[in-house]
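Reading the structure
What follows is the residue order along each chain.
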Amino acid sequence: MDYKKAGVDIEAGYKSVELMKKHIASTMRSEVLTDIGGFSGAFSMEAFKKMEQPTLVSGTDGVGTKLKVAFEMDKHDTVGIDCVAMCVNDIACAGGEPLFFLDYIACGKNEPEKIASIVSGVAEGCRQSDAALIGGETAEMPGFYPVDEYDLAGFAVGVVDRKDMITGKTIAAGDVLVGIASSGIHSNGYSLVRKVFEMKKESLNKTYESLGGKSLGETLLTPTIIYVKALRSVKEGGVTIKGCSHITGGGFYENIPRMLPEGVRAQIKADSYEIPPIFEMLAKDGDIAREMMYNTYNMGIGMMLAVDAKDADKTVELINQSGQKGFIVGEIVSGDKGVTLI
């Protein structure tokens, strides 16, 4: 008896590392002090000494049951983007610039090519957010995970000068809400998605005119948008972002109030932007009530900003210039903290 016969292939682990090295190398920043394959990752903070109060911000998250779609489609090169996005978007909400990222992959069987494909997506997410992939772990756990399944999670660290943190404390009635478009469902609510749509390859490969000619599976696997560069563009354009909310699980009703102080309410015009057709399809096929859709999904807005009314048009312009799509979607009014859809 040996470790391989017990289900853990150390040689496959070595091969996985070799295959992922080129992807990891593409994310390096000058501050990274360690090479791939060490026991830990080191990152110099020397460049941030000029900040008055350099403050670290962090985020950790996973991809959730969206992975089940990847398993059925046997497509693994985009879920890593989702994993990075879920972490770095939270950091960006606080005004932080992502610095580095670490991933964790747990699998039933280490298939080096599949692991490398997953990491290629993680590396792409890191490149999109200018974060270095400085470490990670691939755990082969036979008997705990099915041989053809895995879980994926990550952890990110960023930095912001304390005076530039986005806290929401100064949000006041009269401020304007600017939304940045999502790419679709992103990485939340897939347990409900999997109850509505049949998770079989034949069904997932079916194309729909309403989805722009794309298949259902392709649409569901569309990666989460990373908003780091869009928010950086707004900041560098001279706009003060008073509040910022990453619209994840819990949709509008849970996430938007997280950026609001007491005494104000978000009032949002539901028809002020285009809702991706996948949400209409999901609501119709699943007989899901409108309120439940907005309480579960991003409904086409992946990031919500609160800015001074005089900065609203400029904010939209800066977002559009960054390559994302911005919309004025509502305003802040006096009232109990919460969200009103009109």
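Each remark here, short or long, concerns the structure printed above.
Residues numbered from 1 in each chain as written. Predicted model: local features only at pLDDT ≥ 70, side-chain atom pairs only at ≥ 80, totals over all residues. Heavy atoms only, no water.

1. A short note on the layout of surface pockets
Estimated volume of the second largest pocket: approximately 340 Å³. Contributing to the lining of the second largest pocket are 20 residues, with Asp164, Met165, Ile166, Lys235 and Ile241 lying nearest its centre. Looking at which element gives the most residues to the lining of the second largest pocket, the answer is helix H8 (residues 228-236), with four residues. Here the residues of the lining of the second largest pocket sort into seven nonpolar, six polar and seven charged. (1 Å grid on protein atoms, 1.4 Å probe; cavity = no way out; pocket = protein on both sides within 12 Å on 5 of 7 lines; lining within 4 Å. Points joined across faces, edges and corners; volume = space filled by probe spheres on them. Helix = DSSP H or I, 4+ residues; strand = E, 2+ residues; numbered from the N terminus. Nonpolar A, V, L, I, M, F, W, Y, C, P; charged D, E, K, R; others polar.)

2. Quick look at the pairing of strand S9 (residues 326-334)
In this structure, strand S5 (residues 176-181) lies alongside S9, joined through five bridges in antiparallel fashion. Directly across from Gly179, in S9, lies its bridge partner Phe327. As paired strands, strand S7 (residues 264-268) and S9 are joined by five bridges and run antiparallel to one another. If you follow Ile268 over to S9, its bridge partner there is Gly330. (Pairing = 2+ DSSP bridges.)

3. Observations concerning unusual backbone geometry
Unusually for a residue other than glycine, His186 sits at a positive phi of about 60°. Inspection of the secondary structure puts His186 in the loop between S5 and helix H5 (190-196).

4. Considerations on helix H2 (residues 66-73)
With six of its eight residues buried, H2 lies for the most part within the structure. On its buried side, H2 packs onto helix H3 (79-93), strand S4 (150-161), H5, helix H6 (201-204) and helix H7 (216-220). (Buried < 20%, exposed > 50% of the residue type's maximum accessible area, 1.4 Å probe, protein only. Contact = heavy atoms within 4.5 Å.)

5. Considerations on the packing of aromatic side chains
Taken as a whole and judged by the stated rule, the model has six aromatic pairs. Aromatic side chains Tyr273 and Phe327 sit 6.2 Å apart centroid to centroid with 45° between the ring planes, which places their arrangement in the tilted category. Of this pair, Tyr273 sits in the loop between S7 and helix H10 (277-286) while Phe327 sits in strand S9, and the two are 54 residues apart along the sequence. (Phe/Tyr/Trp six-rings, centres within 6.5 Å; stacked < 30°, edge-to-face > 60°.)

6. Quick word on the side chain of Ser16
Turning to its location among the elements, Ser16 is positioned in helix H1 (residues 10-25). Note on Ser16: relative accessible area 1%, which makes it buried. A polar side-chain atom of Ser16 sits 2.7 Å from a polar atom in the side chain of Asn110. Non-local contacts of Ser16, meaning those with residues more than four positions away in its chain, are made with Asn110, Pro112 and Ile115. (Polar contact = N/O pair within 3.5 Å; in protein donor to acceptor, adjacent residues only side chain to side chain.)

7. Description of the sheet that holds strand S1 (residues 54-62)
Reading across from one edge, S1-S4-S2-S3 is the order of the four strands in this open sheet, with mixed pairing throughout. Each end of this open sheet is capped by a strand with a single partner; those strands are S1 and strand S3 (132-140). The mean angle between the axes of side-by-side strands here comes to 15°, regardless of whether they run parallel or antiparallel. Of the strands in this sheet, strand S2 (97-107), S3 and S4 touch helix H4 (residues 112-129), which is tilted by about 165° from S2. (Axes fitted to C-alpha atoms, helices over the stretch in contact; angles between N-to-C directions.)

8. A word on the sheet that holds S5
Reading across from one edge, S6-S8-S5-S9-S7-S10 is the order of the six strands in this open sheet, with mixed pairing throughout. The open sheet has two edge strands, strand S6 (243-246) and strand S10 (339-341), and neither has a second partner. Between one strand axis and the next, the sheet turns by 25° as a mean value, whatever way the strands run. Across four bridges, S6 lies against strand S8 (residues 301-307) in antiparallel orientation. The partner of Ser245 across the bridge, within S8, is Met304. Contacting S5, S8 and S9, helix H12 (residues 312-321) crosses the sheet at an angle of about 145° to S9.

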